[in-house]
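Reading the structure
Residue strings, one per chain:
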Amino acid sequence: MPEAPVVLHAQGVSRRFTKGVTALSPVDLTVREGEFVSLLGPSGCGKTTLLRLMSGLDTPTTGTLTRAVAEDSLSYVFQDATLMPWASVRTNVRLPLDLERGAGKRSAADAAQAVDAALERVGLRDFGDAFPRELSGGMRMRVSIARALVTEPRLLLMDEPFGALDDITRQHLDDELLALARRHRLTVVFVTHNVFEAVYLSTRVVVMSARPGRIVEDVNNDVPVRNADFRGSPDFAMRAARLQAALLKGQQAGAVDAASIGNTQS
Ligand SMILES: Nc1ncnc2c1ncn2[C@@H]1O[C@H](COP(=O)(O)OP(=O)(O)OP(=O)(O)O)[C@@H](O)[C@H]1O
């Protein structure tokens, strides 16, 4: 079977911030259409930095990053739901279309239809008139996902979207996300530091070292079925253990890197 087209390609991409913080060592990474790639790494290893570079919100210090989808085919989901508290769910979800409509792209009726469809997709059809304060944390995150889906993106960049939720809600949203990704043939890059979530969701897991982040392992995780049986299976536990070991290796590599940087500076 021919390989799916490339959606994202990073070559030698690094990011150094002012004040000398190197958040990301040179990274090479290719993401293909339909993949669900998790970036897994310890806190502060540069996952968000890499995701922001992929989105175009930030530019690399070195290297090149090419994206084969247009800016309006890409959506970014932040760690927090980041909803406007004074606006209804419907208005929140419509925001990207309002910004787009400024450029004369879509009629109000089309926008309303797209908002309803996005709310339907995340199971919030009856909550369009509610305000964020009336919703649970999980529902707010679903609104945030509906807002990301309303433009019908091909590429979804998600920065630890379920990190603040309890396990049951997280698992529920994991299932909803998988169904959405499958139904709409999305390519997803998903930041997490949770090995179990990475195993459950991803077709591929990119494990990063502690800061300065670099890729220590690129693990294929293409499994045929993802459901409660899979979560409870020995295969699942083995995959999680393997990622845990890779994470540990990455943490140690980060510590060694930091020590050698210290040595060269002293
Ligand atoms: N704008 C910035 N200016 C200076 N340093 C920054 C900036 N953004 C991030 N950093 C630093 O870069 C490093 C990587 O940050 P980043 O947010 O990418 O990590 P992360 O892996 O996403 O962490 P977490 O899992 O905790 O969200 C951190 O040490 C952070 O302090």
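Residues numbered from 1 in each chain as written. Predicted model: local features only at pLDDT ≥ 70, side-chain atom pairs only at ≥ 80, totals over all residues.

The name given to the chain in an unreviewed UniProt entry is NitT/TauT family transport system ATP-binding protein, with Pigmentiphaga litoralis as the source organism. Database annotation for the chain, UniProt heading Sequence similarities (unreviewed entry): "Belongs to the ABC transporter superfamily." (UniProt positions renumbered as here; feature names shortened; annotations may be inferred.)

With respect to the domain arrangement of the chain
Examined at the domain level, the chain breaks down into domain 1 (6-69 + 155-263) and domain 2 (86-153). Its C-alpha centre places domain 1 at a distance of 27 Å from the equivalent point of domain 2. Those elements giving two or more residues to the side of domain 1 that touches domain 2 turn out to be strand 6 (155-159) and helix 5 (167-183). It is helix 5 that provides the largest number of residues to the side of domain 1 that touches domain 2, a total of four residues. Classifying every residue of the side of domain 1 that touches domain 2 gives eight nonpolar, one polar and one charged. (Domains from an automatic or database assignment. Helix = DSSP H or I, 4+ residues; strand = E, 2+ residues; numbered from the N terminus. Nonpolar A, V, L, I, M, F, W, Y, C, P; charged D, E, K, R; others polar.)

So, the site of the ligand
In the vicinity of the ligand lie 13 residues, with Phe-17, Ala-23, Ser-43, Thr-48 and Thr-49 positioned nearest. Take the shell around the ligand: its biggest share by element is three residues, from helix 1 (residues 47-55). Residues of the shell around the ligand, tallied by class, amount to four nonpolar, seven polar and two charged. (Near = placed C-beta within 6 Å.)

Quick word on the sheet that holds strand 9 (residues 215-220)
The sheet built from six strands is open, its strands ordered 5-6-7-3-8-9 with mixed pairing. One side of each edge strand has no neighbouring strand; the edge strands of this open sheet are strand 5 (74-77) and strand 9. Direction aside, neighbouring strands of the sheet carry axes that sit 15 degrees apart on average. As paired strands, strand 5 and strand 6 are joined by four bridges and run parallel to one another. For Leu-74, the partnering residue across the bridge sits in strand 6 and is Leu-155. (Pairing = 2+ DSSP bridges. Axes fitted to C-alpha atoms, helices over the stretch in contact; angles between N-to-C directions.)

Looking at the nonpolar core
Grouped together as the largest cluster of nonpolar side chains are 62 residues, with contacts concentrated most on Leu-40, Ala-146, Val-189, Val-207 and Leu-243. The element best represented in this core is helix 4 (residues 137-149), accounting for six residues. A domain split of this core shows at least three residues from each of domain 1 (6-69 + 155-263) and domain 2 (86-153). In contact with Leu-243, other than residues within four places in its own chain, are Leu-40, Val-195, Ala-198, Val-199, Val-205, Val-207 and Val-219. (Core = buried A, V, L, I, M, F, W, Y, C linked by C-beta atoms within 7 Å. Buried ≥ 20, exposed ≤ 12 C-beta atoms within 10 Å, placed from the backbone. Contact = placed C-beta atoms within 7 Å.)

Remarks on the environment of Leu-180
Inspection of the secondary structure puts Leu-180 in helix 5. With 58 residues separating them in the primary sequence, Leu-180 and Val-122 have C-alpha atoms 8.4 Å apart. Sequence-distant contacts of Leu-180, that is, excluding residues within four places in its chain, are made with Arg-121 and Leu-186.

Thoughts on the sheet that holds strand 2 (residues 22-32)
If you trace the three strands from one edge of the open sheet to the other, you get 2-1-4, paired in antiparallel fashion. Single-partner strands in this sheet number two, and they are strand 2 and strand 4 (62-67). On average, each strand axis in the sheet is tilted by 15 degrees relative to the strand beside it, whichever way the strands run. As paired elements, strand 1 (residues 6-16) and strand 4 share five bridges and run antiparallel to each other. When the sheet's bridge partners are listed, His-9 is paired in strand 4 with Thr-66.

What about unusual backbone geometry?
For the bond running from Arg-211 to Pro-212, omega is 0 degrees, close enough to zero to count as cis. The backbone of Thr-82 shows a phi angle near 45 degrees, a positive value even though the residue is not glycine. Owing to 12 C-beta atoms within 10 Å, Thr-82 belongs among the exposed residues under this scheme. The residue Arg-185 is not glycine, and still its phi comes out positive at about 50 degrees. Along the chain, the position of Arg-185 falls in the loop between helix 5 and strand 7 (187-192).

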